Protein chains: 2
Amino acid sequence: MPRTTDGDGTPVPQRLLAAATRLFAEQGYDRTSVQEIVEAAGVTKGALYHYFGSKDDLLHEVYARVLRLQQERLDTFANADEPVEKRLRDAAADVVVTTIENLDDAMIFFRSMHHLSPEKNKQVRAERRRYHERFRALIEEGQKAGVFSTATPADLVVDYHFGSVHHLSTWYRPDGPLGPQEVADHLADLLLRALRP
Amino acid sequence: MPRTTDGDGTPVPQRLLAAATRLFAEQGYDRTSVQEIVEAAGVTKGALYHYFGSKDDLLHEVYARVLRLQQERLDTFANADEPVEKRLRDAAADVVVTTIENLDDAMIFFRSMHHLSPEKNKQVRAERRRYHERFRALIEEGQKAGVFSTATPADLVVDYHFGSVHHLSTWYRPDGPLGPQEVADHLADLLLRALRP
DNA sequence: TTACACATACCGACTGGTTAGTCTGTCCCG
DNA sequence: CGGGACAGACTAACCAGTCGGTATGTGTAA
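From a predicted model like this one, the values you see are computed outputs, not experimental measurements.

Colleague: Even after reading the chapter, I still don't get the UniProt feature "DNA-binding region" (unreviewed entry) in chain A, so can you show me in this structure?
Modeller: On the UniProt side, "DNA-binding region" (unreviewed entry) is annotated at positions that read residues 33-52 of chain A here. Secondary structure within residues 33-52 of chain A divides into 75% helix and 0% strand; the distance between the first and last C-alpha atoms comes to 15 Å.

Colleague: What's the story with the domain arrangement of chain A in this structure? I'm lost.
Modeller: Accessible area lost on assembly of the parts is the figure often given for the size of an interface. Residue and element names in this part refer to chain A. Domain annotation of chain A identifies domain 1 (8-51) and domain 2 (55-195). Measuring from the centre of the C-alpha atoms in domain 1 to the corresponding centre in domain 2 gives 27 Å. Taken together, the two surfaces of domain 1 and domain 2 that pack against each other cover about 1300 Å², and 68% of this comes from carbon and sulfur. Broken down residue by residue, the surface that domain 1 buries against domain 2 is led by Leu17, Ala25 and Tyr29, which jointly contribute 49%. Across the contact surface, domain 1 and domain 2 share zero salt bridges. Counting across the interface, domain 1 meets domain 2 through four residue pairs in polar contact (both at pLDDT 80 or more). Contributions of two or more residues to the side of domain 1 that touches domain 2 are made by α1 (12-27), α2 (34-41) and α3 (45-51). Considered class by class, the residues forming the side of domain 1 that touches domain 2 number nine nonpolar, two polar and two charged.

Colleague: Just checking my understanding: could you explain the packing of aromatic side chains for this structure?
Modeller: Here the distance between the centres and the angle between the planes together describe a pair of aromatic rings. All names here are of chain A. Across all of its chains, the model carries 13 aromatic pairs over all chains by this definition. Each ring, one from Tyr131 and one from Phe162, has its centre 5.5 Å from the other, and the planes form 75°; the classification is edge-to-face. Of this pair, Tyr131 sits in helix α7 (residues 118-144) while Phe162 sits in helix α8 (residues 154-171), and the two are 31 residues apart along the sequence. The residues Tyr131 and Phe162 share a single accessibility class, namely buried. Among the aromatic residues, those joined into a ring-pair cluster are Tyr63, Phe109 and Phe110. One residue, Lys55, lies across the ring of Tyr29, its end atom 4.4 Å from the ring centre.

Colleague: I tried to follow the relation of the copies chain A and chain B on my own but got confused; where do I start?
Modeller: Each of the two chain copies can be generated from the other by rotation about an axis followed by a shift along it. The transformation that overlays chain A on chain B combines an axial shift of 0.0 Å with a rotation of 180°, and the residual RMSD is 0.1 Å. In short, the pair behaves as if placed about a two-fold rotation axis. With an isologous cut-off of 70% or more, the 100% of interface residues of chain A that recur at the interface of chain B puts this contact in the isologous class.

Colleague: So what exactly am I meant to see when it comes to the UniProt feature "domain: HTH tetR-type" (unreviewed entry) in chain A here?
Modeller: Summarizing the sequence annotation, UniProt attributes the feature "domain: HTH tetR-type" (unreviewed entry) to residues 10-70 of chain A in the numbering used throughout. For residues 10-70 of chain A, helix accounts for 77% and strand for 0%, while the C-alpha atoms at its two ends are 24 Å apart.

Colleague: Help me understand helix α5 (residues 84-101) of chain B in this model?
Modeller: Note that an α-helix has 3.6 residues per turn; residues three or four places apart therefore point the same way. For α5 of chain B, which comprises 18 residues, the first-to-last C-alpha distance of 26 Å matches the rise-based estimate of 26 Å (1.5 Å per residue) to within 8%. Where burial is concerned, most of α5 of chain B is hidden: 13 out of the 18 residues are buried.

Colleague: Would you mind showing me how to read the nonpolar core here?
Modeller: The nonpolar side chains of a soluble globular protein tend to be buried with one another. Leu88, Val96 and Phe135 of chain A together with Leu88, Val96 and Phe135 of chain B are the most contacted members of the largest nonpolar core, which totals 70 residues. Leave out the neighbours within four places in its chain, and Leu88 of chain B touches Phe135, Leu138, Ile139, Phe148, Leu191, Leu192 and Leu195 of chain B. Listed in part, the 29 residues of the second largest apolar core include Leu16, Val43, Val66 and Phe110 of chain A.

Colleague: In this structure, what is going on with the pattern of salt bridges? I would like to understand it.
Modeller: Where charged atoms from two side chains of opposite charge approach closely, those side chains can pair. With the rule as written, the count across this model stands at 24 salt bridges over all chains. Salt-bridge contacts for Asp155 of chain A lead to Arg136 of chain A; the nearest nitrogen and oxygen are separated by 3.6 Å. Here Asp155 of chain A is found in helix α8, whereas its partner Arg136 of chain A is found in helix α7, with 19 residues between them in sequence. When the shortest N-O distance is used, the salt bridge between Asp56 of chain B and Lys120 of chain B registers 2.6 Å. Here Asp56 of chain B, found in helix α4 (residues 55-78), pairs with Lys120 of chain B, found in helix α7 (residues 118-144); they are 64 residues apart in sequence, far enough to count as distant. Accessibility classification places Asp56 of chain B together with Lys120 of chain B in one group, the buried group. Taken together, the salt bridges that share partners define one network made up of Glu133, Arg136, Glu140 and Asp155 of chain A.

Conventions we followed
Residues numbered from 1 in each chain as written. Chains lettered and ligands numbered in written order. Predicted model: local features only at pLDDT ≥ 70, side-chain atom pairs only at ≥ 80, totals over all residues. Heavy atoms only, no water. UniProt positions renumbered as here; feature names shortened; annotations may be inferred. Helix = DSSP H or I, 4+ residues; strand = E, 2+ residues; numbered from the N terminus. Domains from an automatic or database assignment. Buried area = accessible area lost by both parts, 1.4 Å probe. Salt bridge = Lys/Arg side-chain N within 4 Å of Asp/Glu carboxyl O. Polar contact = N/O pair within 3.5 Å; in protein donor to acceptor, adjacent residues only side chain to side chain. Nonpolar A, V, L, I, M, F, W, Y, C, P; charged D, E, K, R; others polar. Phe/Tyr/Trp six-rings, centres within 6.5 Å; stacked < 30°, edge-to-face > 60°. Buried < 20%, exposed > 50% of the residue type's maximum accessible area, 1.4 Å probe, protein only. Lys NZ or Arg CZ within 6 Å of the ring centre and 35° of its normal. Least-squares fit on C-alpha atoms with pLDDT ≥ 70 in both. Contact = heavy atoms within 4.5 Å. Expected span 1.5 Å × (residues − 1). Core = buried A, V, L, I, M, F, W, Y, C linked by side-chain atoms within 4.5 Å.

Right under this line is the structure:
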């Protein structure tokens, strides 16, 4: 029997990633020692450095996972066979829901970018830009079609919306009065209302 | 002659605070060593610990300064003798301008909250809430007066706007195409448009 | 079927480097 | 001459990453 799943059934690399995600979100990247991570995952340093090249690598994995997920979802909504208003609203609301459902990831994402090595940072920024562009294209499409106001540059509108998404990890509490879908509907509403011609 | 102003004319405590602000924004709190700060300020550790109790204290001072400034400005705009739409627009635009003009402060503010000691963190949160409440009151006033839509709870609207303010330090570049006032006008526009009944 | 080689999956003591904060002492001013 | 304003060496703690070692499974050849 390989030790890869010793104890519970989850493979060691995933246990490490999960522990790191939680600890990075709770205490920040720099305040979390590798020792804490391996203890939380029930292994030792040997295991961590067997699967990951560095502590930095672990952080990078978190980013890769989030980016992949969000890009996939955006593409699905953006390419749907629906009027552009609905596609934008659905995409805008969805990113809110998935962000709330992975608040730890979101916290890390926006708070720890600068802890990545310059090289990995660049890579993440590039992927992030792709996401941004796709979202912007959606808005520009609506503007050209005349269903969205052109008063504000599409770029700024995207940053406006993602600012609020970013901010979620600061104020949203699962035990608060609003569920993820409710918040998402409200925020998508605000976006669409701001875009009314 | 006291050494307090040795070299240039700026007093040592302020030189330290300025150096710390810049370095915290550039590299993050944890990645900035006390040694770097004192070197940048042209003094030694003795001087720093003569004026500040800890590295944490230095960070706290940055927060206190930002909060004081923003609260003052908000109060001025919110209590002006103008219709509520104008007061909200002015306040919303002003916070964008002052944030852009102090991007370093903003960067630190939103990225380093969790580095403060629990006690100081609580204090900052409390002051921040006061600010938030004042802003919310403005929106609720407009909603009651019927000039703003009541479709979205005022709380959420505030978070929506401050999310975008928060986000500024991530994407705004002084050498970009838009000046501070232009960005502020656009963002205030988006807020007011979203609030149209 | 057994025996041996080899790889994978880890363990945990150790190292080299860094850091916040302390403390003793010096210098100048009133 | 007393005290505020520093200087700078020192300490105690911590931490990322390394490395030699061990255990377990797998392929293969006699």
